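A look at the structure
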Amino acid sequence: MGRIEKFLSEREERGLLRTLEPADSRHDGKIRFEDEEFIDFSSNDYLGLSGHPKVKNASKKAIDEFGASASASRLLSGDLSLCHRLEEATAEFKGKESSLVYNSGYQANVGIISALCKKGDAIFLDELSHASIIDGMLLSGARFFTFRHNDPGHLLSLLKKERPRFKEALIITETIFSMDGDRCPLREIIGLKESYDCRLLVDEAHATGIFGKNGSGVAEEEGLAEKVDMIMGTFSKALGSFGSYVATTGRIKDYLINSSRSFIYSTALPPSVIAANLAALGLIKEEPWRRSELLKNSDYLRGELSKSGFTVKGSSQIIPIILGESRAAADMSRCLKEKGYRALPIRPPTVAMGESRLRLSLTYYHKKEVLEKFVHDIQVCR
Ligand SMILES: Cc1ncc(COP(=O)(O)O)c(C=O)c1O
């Protein structure tokens with residue numbers, strides 16, 4: 001049997017074959033497939049900005065002005081002044097000197113890490129790092145050392161033992177972890193990066209727009225943005241659009257423009273997307289109640305699920321309910337589907353064996369009444 005058939009049949013046998021499921025429409029935290037509508041707990045539109053009139057209008061206006069495409073990479077003729085405005089706004093939002101826009105969070109991590117680290121360097125990363133971080137690291141050719149999840153003690157022991165053997169070193173962590181919804185010990189990690197002469201890259205994909213007085217993320221909330229060398233994040237989650245950025249120094253930005261292959265060799269973001277991102281950044285300032293309500297409702301749901309005896313993790317708008325075996329998560333997801341919820345199971349290889357879960361992503365549209373009914377319904381499914 002060839003590689004393709006072997007792979008597919010193994011996945012099929014284990015009930016782990018992923019398939020696509022086209023939705024017919026989405027709005028206000030709901031998703032529709034043909035004539036069935038579900039409350040959607042599996043999107044990252046945390047603040048409900050993807051359908052905001054200001055975001056949609058900004059996009060439409062940009063299409064009228066510039067057309068549908070940037071039509072070239074930024075180093076050719078795709079470098080629109082609109083994108084420079086977005087970079088200035090992002091740098092200010094993140095409290096950094098400068099920022100560089102990438103086409104997606106995946107491309108940013110792959111392009112930043114592989115440009116910064118080379119053979120002879122070391123990368124120290126949290127064991128729950130996103131696939132895009134791992135792929136960037138593998139592409140870089142650097143040696144890598146994984147520390148236990150959110151365990152600065154383990155990072156310290158790895159740095160003590162390994163750091164002296166390498167020229168340059170990079171520490172990488174997410175600030176809010178995508179699958180566990182918990183927060184990294186940022187202050188301790190910064191202490192270690194300073195003591196051991198490393199750079200620090202944080203991925204704020206799930207924190208941006210949600211945490212901090214200005215909604216910039218965990219680095220802002222903890223007053224540490226200045227001490228982080230590179231703050232990466234996406235426009236594709238709380239900002240309701242698409243694309244990503246790294247906020248950093250002007251010199252690192254210049255280096256990436258000249259060396260980061262996922263930046264150099266790809267057509268720039270379409271003007272409509274850049275304009276949507278700019279509008280969304282404005283809304284983070286203008287409508288702060290979206291994030292405060294979301295966090296209040298997330299605390300409520302986590303507390304109620306925990307009282308009902310479920311094992312829940314995290315401290316953010318991402319609420320994983322740990323169910324153990326793959327089948328338990330799939331069965332729970334199926335039962336909730338019958339009750340009108342889209343809450344997809346997350347199973348190996350995305351999470352460790354025995355850690356299968358439902359990962360609930362709350363959004364601004366999941367109001368308390370919806371959550372109260374959900375707590376009732378999930379108990380019936382148990
Ligand atoms: C932590 C983390 N980093 C990066 C990404 C990639 O972002 P994007 O969806 O914009 O490619 C994701 C999204 O899944 C993520 O969860």
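Residues numbered from 1 in each chain as written. Predicted model: local features only at pLDDT ≥ 70, side-chain atom pairs only at ≥ 80, totals over all residues. Heavy atoms only, no water.

Tallied over the entire structure, the rule returns 1 disulfide. Disulfide pairing places cysteine 335 opposite cysteine 381 at an S-S distance of 2.0 Å. One disulfide, between cysteine 335 and cysteine 381, carries an S-S torsion of -80 degrees and so falls in the left-handed class. With a gap of 46 residues between them, cysteine 335 in helix α13 (residues 326-338) and cysteine 381 in helix α14 (residues 368-381) connect regions that are remote in the sequence. Here cysteine 184 is not cross-linked by a disulfide; its sulfur's nearest cysteine counterpart is in cysteine 198, at 15 Å. (Disulfide = S-S within 2.5 Å. Helix = DSSP H or I, 4+ residues; strand = E, 2+ residues; numbered from the N terminus.)

Let's shift gears to a negative patch on the surface. A cluster of like negative charges, contributed by Asp24, Glu34, Asp35 and Glu36, occupies part of the molecular surface. Taking the relative accessible area as the measure of exposure, aspartate 35 reaches 66% and is therefore exposed. (Patch = residues over 30% accessible without salt bridge, like charges linked within 9 Å, V, L, I, M, F, W, Y side chains within 5 Å. Areas by Shrake-Rupley, 256 points an atom, 1.4 Å probe, with all protein chains shown as cover. Salt bridge = Lys/Arg side-chain N within 4 Å of Asp/Glu carboxyl O. Lys, Arg positive; Asp, Glu negative; His and termini not counted. Charge placed at Lys NZ, Arg CZ, Asp CG, Glu CD. Buried < 20%, exposed > 50% of the residue type's maximum accessible area, 1.4 Å probe, protein only.)

What follows concerns the side chain of serine 356. Counting through the fold element by element, serine 356 comes out in strand β15 (residues 356-361). Polar contacts involving the side chain of serine 356 include one to the main-chain amide nitrogen of serine 326, which spans 3.5 Å. Other than its neighbours up to four places away in sequence, serine 356 contacts Ile321, Ile322, Leu323, Gly324, Glu325, Ser326, Ala329, Ile346, Arg347, Pro348 and Val351. (Polar contact = N/O pair within 3.5 Å; in protein donor to acceptor, adjacent residues only side chain to side chain. Contact = heavy atoms within 4.5 Å.)

On to the pairing of strand β5 (residues 122-126). Among the 5 residues in β5, 5 count as buried, and that is most of the element. A two-sided burial pattern is seen for β5, the buried positions comprising Ala122, Phe124 and Asp126 on one face and Ile123 and Leu125 on the other. Following the chain from β5 across helix α5 (residues 131-140) to the adjacent parallel strand β6 (residues 143-147), one finds a crossover that is right-handed. Of the strand pairs in this sheet, β5 and strand β7 (residues 169-174) are connected by 4 bridges, and their pairing is parallel. Bridge pairing links phenylalanine 124 to isoleucine 171 in β7. (Right-handed = clockwise from strand over helix to strand, strands pointing away. Pairing = 2+ DSSP bridges.)

Okay, helix α2 (residues 53-66) next. The end-to-end C-alpha separation of α2 is 20 Å, in line with the 20 Å expected for 14 residues at 1.5 Å each. Buried within α2 we find Val55, Ser59 and Ala62. What you see down the axis of α2 is that its buried residues fit within an arc of 65 degrees, all on one side. Of the exposed residues in α2, the ones pointing more than 90 degrees away from its buried face are Pro53, Lys61, Asp64 and Glu65. Buried positions along α2 lie against α11 (271-286). Immediately downstream of α2, the backbone of glycine 67 shows phi near 90 degrees, a positive value. (Expected span 1.5 Å × (residues − 1). Arc of directions from axis to C-beta.)

In terms of domains, the chain is made up of domain 1 (20-47 + 288-381) and domain 2 (53-286). One C-alpha centre belongs to domain 1, the other to domain 2; they are set 26 Å apart. Taken together, the contact pairs 21 residues of domain 1 with 22 residues of domain 2. For the domain 1 face of the interface with domain 2, the top three residues by lost area are Asn44, Leu47 and Arg291, together amounting to 31%. The interface formed by domain 1 and domain 2 includes 2 salt bridges. Here aspartate 180 and lysine 313 are joined by a salt bridge, their closest N and O atoms 3.1 Å apart. Counting the contacts that link domain 1 with domain 2 gives 11 residue pairs in polar contact (both at pLDDT 80 or more). Secondary-structure elements contributing two or more residues to the side of domain 1 that touches domain 2 are α12 (289-307), β12 (318-324) and β15. Looking at the side of domain 1 that touches domain 2, the element that brings in the most residues is α12, giving 4 residues. In the side of domain 1 that touches domain 2, the residues fall into 10 nonpolar, 6 polar and 5 charged. (Domains from an automatic or database assignment. Buried area = accessible area lost by both parts, 1.4 Å probe. Nonpolar A, V, L, I, M, F, W, Y, C, P; charged D, E, K, R; others polar.)

Right, let's talk about unusual backbone geometry for a bit. Residue proline 348 is joined to proline 349 through a cis peptide bond whose omega torsion reads 10 degrees. Here proline 349 lies in the loop between β14 (345-346) and β15. Its identity is not glycine, yet aspartate 28 carries a phi of approximately 45 degrees, on the positive side. Inspection of the secondary structure assignment puts aspartate 28 in the loop between β1 (25-27) and β2 (30-33). What makes aspartate 28 partly exposed here is its relative accessible area of 44%. Look at aspartate 197: it is not a glycine, yet its phi comes out positive at around 50 degrees. Mapping aspartate 197 onto the fold places it in the loop between α7 (186-195) and β8 (199-203).

The next subject is the sheet that holds strand β13 (residues 341-342). The 4 strands lie next to each other as β1-β2-β3-β13, forming an open sheet whose pairing is mixed. The open sheet terminates on both sides in strands that have one partner only, identified here as β1 and β13. Summarising the sheet, β1 and β2 pair through 3 bridges and their orientation is antiparallel. Paired with histidine 27 across the two strands is lysine 30, which belongs to β2.

This part covers the sheet that holds β7. Ordered in space as β4-β10-β9-β8-β7-β5-β6, the 7 strands form an open sheet in which the pairing is mixed. Single-partner strands in this sheet number two, and they are β4 (98-102) and β6. Between one strand axis and the next, the sheet turns by 20 degrees as a mean value, whatever way the strands run. Inspection of the sheet shows β5 paired to β6 by 5 bridges, in the parallel sense. In the sheet register, aspartate 126 faces β6, and the bridge partner there is phenylalanine 147. Strand contacts of helix α3 (residues 81-94): β4, β9 (230-234) and β10 (244-248), with the helix running at about 125 degrees to β4, the strand carrying the most contacts. On top of the sheet, helix α4 (residues 105-116) reaches β4, β5, β7, β8, β9 and β10; it is set at about 155 degrees to β9, its chief contact. (Axes fitted to C-alpha atoms, helices over the stretch in contact; angles between N-to-C directions.)

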